[in-house]
Amino acid sequence: MKYGFDNEKYLQIQSEHIKERISKFGDKLYLEFGGKLFDDFHASRVLPGFMPDSKLKLLMQLSDVAEIVIVISAIDIEKNKVRGDLGITYDKDVLRLRDEFQNRGLMVGSVVITHYTGQEAAKSFKNKLKKMNIKAYYHYTIPGYPSNVPLIASDDGFGKNDYIETSRPLVVVTAPGPGSGKMATCLSQLYHENKRGIKAGYAKFETFPIWNLPLKHPVNLAYEAATADLNDVNMIDPWHLEAYGKTTVNYNRDIEIFPVLDAIFKGIYGTNPYKSPTDMGVNMAGFCIFDDEACKEASRQEIIRRYYNTLNLLVEGNASESEVNKLELLMKQAGVTTDDRKVTVAAKERGAKSKVPSAAIELEDGTIITSETSDLLGTSAALILNATKQLAGIDHKIKLIPKEMIEPIQKMKVTYLSGNNPRLHTDEVLVALAMLSKTDENCFKALEQLPKLRGCQVHTTVMLSEVDRKIFKKLGVDLTCEPVSKKQKSLIG
C-alpha cells in the first residue's frame, strides 16, 4: 500500500486551525461536524495514510475546551430510521455515540431532538434520556425554513427552540446521519446566545469535498461517488471567487443555502463574518497530501468500488438507475473502467475458465490469488484459505481442512438445518481452521495471517451472502462483486 497523506501533520494543523477559529469569535464557537467521527473508512481509502479515527483523535486533542451536542431528528425517531452501515436505529446510535465519546474522555453535554412537532416516539425518547440523566432539548419545525428569514430569526422562529445550556468554548454538533438538523441547531444557538449578550460563532468541518483541490480531482470525484444517492454535486464556490478571486471547491447544498445563511447571520448580528461557504469551513486535509498521485490512484479505485456497490444495490432493489448512471459518468471523468481494478480482471478470467463462481484477492505486495467454488467450499471460503496459505508460505497442494471434517458439517447444514447450500461459508471455514490450529501447525500458521488481509482488495464473480460480506468487512477487506443475484448464481453453479 502506497501512502500519500500525513496523518500526524493533519492532527496538528487541524487542531491549531480550529483553536484559531474559536479565538476569532470571542466566547464560543459552534462547530458543525459532518461525516463520520468513527470509522471513516472512506477517507482512509481515498487519502491513504488517513487513519479512520483521525477526527476522534482530533477531538481528543481539544477535549479540555470542547463539549459535544448530539442532534437527532424527531422524524427519524418516528420512522425508526436505521444506519445502513451499523444496522441500528438512529436513536440507539445516539446512545452508542454518547458512550463512545465519554469512554474517550470527551464531554457530551446534551441531546437535541429537532423537527419536533409533538411526535410520540420523540417524547418517549426524551423521557428515556431524562431517566438516564441526559439533558435533552426540543427544536421545533419552523414554517418556511430556510427561506423565511424574518420568521426564522425571530422569537417565533429560533426563539421558540429550547436554549441548549453549554459550558465550553467549543461546542461540537454532530449527528447519527445526514438531515438531522445540525446546521439549524447551530444557528438557533447563535440567535439565543446573541440575545444573552454572548459572542458566539459558527463554522463547519467537512472533510469532503476538499476545497483546495481541483474540482475534478479524483479525491473530490470519489466524494461525489460516495454521495451518489444524495445527488451531491461538487461545484466551484462562486461566492468565494467573487470575494477573493480564488477558485475553491464546495458542494451544491452549501452553495445553494449560502444566500439564506447570509441573511440569517445578518438577521442575528447585523453582519455576516463569512463571504463564502468556503470561508465557513475549517478543513485542512488538503494541506496534508504529500503524494498526490497515490491519493489520485486510491480515489480512482474507490470510484470503481462505489460503482460495483451501487450495481449490487440496484439488483437488490435498493438503488436507482440514475445513481448507476451518475457513477458511470464519474468513472469517465476519472478516466477509469472496471478493468482498472486488477482483482476484477483476475476473478473474471478464473470464472471464464472454471464456469463456476470465482474470486480474486490482491495481497499487500501485489500478488493476485484466485479461487473457485467446489463441492466442499464456496469461492469466498476457498479464497481465504488460498490467501492465508500464500502468506504463510504453505504449499497450495496441502488441504488445510480435510474432506472428512468438512462432510459432517455439510450434512448438518443440509439434513438438520434444512439448508440448500452444503458448501462451507467463510465463517464456518474460519471456525474449522481455528479448531484445527490447536493440533495442526499449518492451520496455526494460516490463522495467524488473517490480520494481513486488512486493506486487501477482493472481487467475486457473484454477489455474496450476508455472512460472507460481514466476514470480509470484519477482516478489513475491500470487497466488490459482479451484480449477479443469488437466483442467477444458482444457475451457474
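Here goes a summary of the coordinates provided. (Residues numbered from 1 in each chain as written. Predicted model: local features only at pLDDT ≥ 70, side-chain atom pairs only at ≥ 80, totals over all residues. Heavy atoms only, no water.)

1. Focus on the sheet that holds strand β12 (residues 478-481)
Note on sheets: strands pair through backbone hydrogen bonds, and any given pair is parallel or antiparallel. The strand order β10-β9-β11-β12 describes an open sheet built from four strands, whose pairing is mixed. For this open sheet the edge positions go to β10 (368-372) and β12, each flanked by a neighbour on one side alone. Looking at each pair of strands side by side, their axes are set apart by 15° on average, direction ignored. Two elements, strand β11 (residues 457-460) and β12, share four bridges in a ladder whose sense is parallel. Within β12, the residue paired with Thr460 across the bridge is Cys481. (Pairing = 2+ DSSP bridges. Helix = DSSP H or I, 4+ residues; strand = E, 2+ residues; numbered from the N terminus. Axes fitted to C-alpha atoms, helices over the stretch in contact; angles between N-to-C directions.)

2. Digging into the packing of helix α13 (residues 292-315) against helix α14 (residues 321-334)
Axis separation between α13 and α14 bottoms out at 10 Å; the angle between their running directions is 160°. By the angle class used here, α13 and α14 are roughly antiparallel. In the crossing of α13 with α14, the sense of the turn from one axis to the other is left-handed. Facing Arg300, Ile303, Ile304, Arg306, Tyr307, Thr310, Leu311 and Leu314 of α13, the residues of α14 in contact are Glu321, Glu323, Val324, Leu327, Glu328, Leu330, Met331 and Ala334. Of the residues in the contact of α13 with α14, the class split is ten nonpolar, one polar and five charged. (Parallel < 35°, antiparallel > 145°, perpendicular 65-115°, else oblique. Left-handed = near helix turned anticlockwise from the far one by under 90°. Contact = heavy atoms within 4.5 Å. Nonpolar A, V, L, I, M, F, W, Y, C, P; charged D, E, K, R; others polar.)

3. What to know about the packing of helix α16 (residues 379-392) against helix α18 (residues 426-436)
Two elements in contact, α16 and α18, have axes whose closest approach is 8 Å; the angle formed by their N-to-C orientations is 40°. Taken together, the axes of α16 and α18 are oblique relative to one another. Contacts between α16 and α18 involve Ser380, Ala381, Ile384 and Leu385 from the former and Thr426, Val429, Leu430 and Leu433 from the latter. The residue makeup of the contact of α16 with α18, split by class, is six nonpolar, two polar and no charged.

4. Structural notes on the sheet that holds strand β4 (residues 136-140)
As summarised here, the arrangement of the six strands in space is β4-β3-β2-β5-β1-β6, forming an open sheet in which the pairing is parallel. Sheet topology places β4 and β6 (200-205) at the edges, where each strand pairs with a single neighbour. Across the sheet, the mean angle from the axis of one strand to that of its neighbour is 25°, orientation sign disregarded. Strands in contact with helix α6 (residues 120-131) are β2 (66-73), β3 (107-116) and β4; relative to β3, the strand with the most contacts, it is inclined by about 165°. Against the sheet, helix α8 (residues 182-195) engages β1 (28-33), β2, β3, β4, β5 (170-174) and β6, with an angle of about 170° to β1.

5. Quick word on the pattern of salt bridges
Scanning all chains against the criterion turns up 26 salt bridges. When the shortest N-O distance is used, the salt bridge between Lys55 and Asp40 registers 3.2 Å. Here Lys55, found in helix α3 (residues 54-61), pairs with Asp40, found in the loop between β1 and α2 (41-46); they are 15 residues apart in sequence, far enough to count as distant. Here Lys55 matches Asp40 in class, with each residue buried. Residue Lys348 pairs with Glu482 through a salt bridge whose shortest N-O separation is 3.8 Å. Highlighted residues: Lys348 in helix α15 (residues 342-354) and Glu482 in the loop between β12 and α21 (486-492), separated in sequence by 134 residues. Assessed through its relative accessible area of 14%, Glu482 is described here as buried. (Salt bridge = Lys/Arg side-chain N within 4 Å of Asp/Glu carboxyl O. Buried < 20%, exposed > 50% of the residue type's maximum accessible area, 1.4 Å probe, protein only.)

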